[in-house]
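# A structural walkthrough
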Amino acid sequence: MEALLRSLKFKYIFTCILITFMISCLISIASISIEECKCNKIEETEQSEQQAHGKVSKHHKHHLAILVPFRDRFEELLIFAPHMKKFLDKQDIDYHIFILNQIDRYRFNRASLINVGFLEVKKDFDYIAMHDVDLLPMNDELRYFYPEKGPLHISSPELHPRYHYPTFIGGILLVKREHFLQVNGMSNKYWGWGLEDDEFYVRLKEAGLNVTRPPNLLTGIQSTFKHIHDRNHRKRDMVKCFNQREVTRKRDRQTGLNNVSYKLENAINATIANTSITILNISLMCDESITPWCICDSVSIAKDKKLKDKKKIQ
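Residue numbers here run from 1 along each chain, matching the order of that chain's written sequence. Per-residue local features are limited, in this predicted model, to residues with pLDDT of at least 70; the limit for side-chain atom pairs, both in listing and counting, is 80 or more; totals at the level of whole chains, interfaces and linings are taken over all residues. Note: side-chain values were computed over all heavy atoms of the structure, leaving out hydrogens and water.

## A word on helix α5 (residues 196-206)
Turning to α5, its buried residues number three or more, namely E196, D197, E199, F200, R203 and L204. For α5, the arc enclosing every buried residue in end-on projection is 155°, short of the 170-degree limit, so these residues lie on one face. We call two residues in contact when some of their heavy atoms are within 4.5 Å. The helix count covers DSSP runs of H or I at least four residues long, the strand count covers runs of E at least two residues long, and both are numbered beginning at the N terminus. Those residues of α5 hidden inside the fold are in contact with α3 (110-121), β3 (127-131), β6 (172-176) and α4 (177-182). Two residues or fewer after α5 comes G208, characterised by a positive phi angle close to 75°. Relative accessible area decides the class of each residue, using a 1.4 Å probe on protein chains only: under 20% of the type maximum gives buried, over 50% gives exposed, and in between gives partly exposed. Directions drawn from the helix axis to the C-beta atoms are what define this arc.

## Here we look at the pairing of strand β9 (residues 275-284)
For β9, the tally of buried residues reaches nine of ten residues, placing the bulk of the element in the interior. Here, a strand pair is defined by DSSP locating no fewer than two bridges between the strands. Note that strand β2 (residues 94-102) and β9 share six bridges and pair parallel. Residue pairing in the sheet places I99 in a bridge with I279 of β9. As paired elements, strand β8 (residues 262-272) and β9 share ten bridges and run antiparallel to each other. Opposite I268, over in β9, you have I279 as the bridge partner. Hairpin connection of β8 to β9: two residues between the antiparallel strands, including A273 at a positive phi of 50°.

Rendered as structure tokens:
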């Protein structure tokens, strides 16, 4: 009798353990199902909100590299970076800002810096924005979307604060990766300020690439962009020496993306007012036998004058 009671007690304990285990499993499965249900509802809500605001999916198909040629303009950068984040986050595009910081001893070369920036980012980004640091877009209708039909000139001459000639493509220009490769990038001969974007326009035209501009904008010259450059405080390097003026008025068929000479000293990830940027510190190289005007100091100008005087005598 005692053995029978022991046997029943053991069976009862085993049954209780088994029931407890099964209940625990059911509760666990049920909680997972509830969480999954909650996640699905959250995802559906987010998708409907995105559709209501006209936004694209977070799983972006295209990736934009904003290439900003730069030297000694820290005050402007402090304004530019947070402004661009606020402006572009409304468009829900995948982008990153790269500051192309020229740290060598030569004159500023905007075009070569853009060539270098493109080479450094082309694996991860399928289109670029060639972007001046002193030009801020103000109209939310200025879309930085992937330029399917060809180069898109955001800062059109009808709306740019300063430059209004019809072939102007400076300021902000969006270009697909394959199109930048197709025209061999930009000329490397433009040391100092100006004309490199005019030469690039000729490259695009010769390649049959039509430049388009944002249509139907209601804002005008005063309110579409903000130009934050102070000409009195920071003067343009417009000096011309040697035969620079003559050479840079012509289409360059010698230099471009395939032969830009540089050294990437380092890449620094930084944050300005909650805006993530990458600073590429770049040393450009200059072949003074091809472009002696990469240095245009008093010594170079005096040497140039002596050569010109010698030619006159001969």
